[in-house]
Amino acid sequence: MVPHPPSTTTPRENTGVSRILVTVGDAEHSERALRYVGILLRDTRDVHLTLFHVLKPMPRGLLEHGGAEDPRAEIRLAEELHQDQETWVRAESRIEYPILAKALEIVEKTGFPLDRVTVKFGHEDDIAHTILNEARNGGYETIVVSRHGSNGIKRFFYGGITDQLLRNATGFTLWVVE
């Protein structure tokens, strides 16, 4: 008997609700994916959507501190770095919130009930990894991505993000909307 590889997804409770993670960017293709999902699922009562936007990478200066030989100083520096990182995430989230607000508006126009929609940010250097981590940790069953992007967010949908997800989204249904 061949052993099965360990599951890469978080075990899900059988709540009867399908959780779908919809990646969101500031591009026409992302809007098309939002309209598609909203129209397709608006009458399906047991579906919950999370609109997920990945922030730009954190500045290098916020990734690590210089270190210290004194353990107390090291602890203090680590705490300060953590606070600075949280401040950066809050500030970037405020700056990029209009992207999620517009996405929410698009979904609302499709007739999908907003009481079944959540908005959320992620942040990491590796966007595909961030999306997969959110999908695993959030207990999602399906990930929706757009195939192409433009206008400064090619890093999100273009140049391999979708391809990385196609290779690594084991245990998930992946919808690629063009």
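None of the values given here were measured: they were computed from a predicted structure.

*Asks:* So what exactly am I meant to see when it comes to helix H3 (residues 127–137) here?
*Replies:* Structural remark: α-helix, 3.6 residues per turn; residues separated by three or four positions point the same way. Counting buried residues along H3, eight of its eleven residues qualify, which places the element largely inside the surrounding structure. For H3, the N-terminal cap is Asp126; the gap from its side-chain oxygen to the backbone nitrogen of Ala128 is 3.2 Å. With its phi angle positive at about 70 degrees, Gly139 sits one or two positions after the end of H3.

*Asks:* In this structure, what is going on with the packing of aromatic side chains? I would like to understand it.
*Replies:* Considering all chains together, one arrives at one aromatic pair under this definition. Geometrically, the ring pair formed by Tyr36 and Trp175 is edge-to-face, given 6.4 Å between the ring centres and 75 degrees between the ring planes. Within this pair, whereas Tyr36 is found in helix H1 (residues 28–41), its partner Trp175 is found in strand S5 (residues 173–177), the two being separated by 139 residues in sequence. For Tyr36, a relative accessible area of 43% gives the class partly exposed. Relative accessible area serves as the criterion here: at 24%, Trp175 is assigned to the partly exposed category. For Arg19, the ring lying beneath its charged end belongs to Tyr140, and the centroid distance is 4.4 Å. Positioned over the ring face of Phe112 is Arg116, at 4.6 Å from the centre of the ring.

Procedures and definitions
- Residues numbered from 1 in each chain as written.
- Predicted model: local features only at pLDDT ≥ 70, side-chain atom pairs only at ≥ 80, totals over all residues.
- Heavy atoms only, no water.
- Buried < 20%, exposed > 50% of the residue type's maximum accessible area, 1.4 Å probe, protein only.
- Helix = DSSP H or I, 4+ residues; strand = E, 2+ residues; numbered from the N terminus.
- Polar contact = N/O pair within 3.5 Å; in protein donor to acceptor, adjacent residues only side chain to side chain.
- Phe/Tyr/Trp six-rings, centres within 6.5 Å; stacked < 30°, edge-to-face > 60°.
- Lys NZ or Arg CZ within 6 Å of the ring centre and 35° of its normal.

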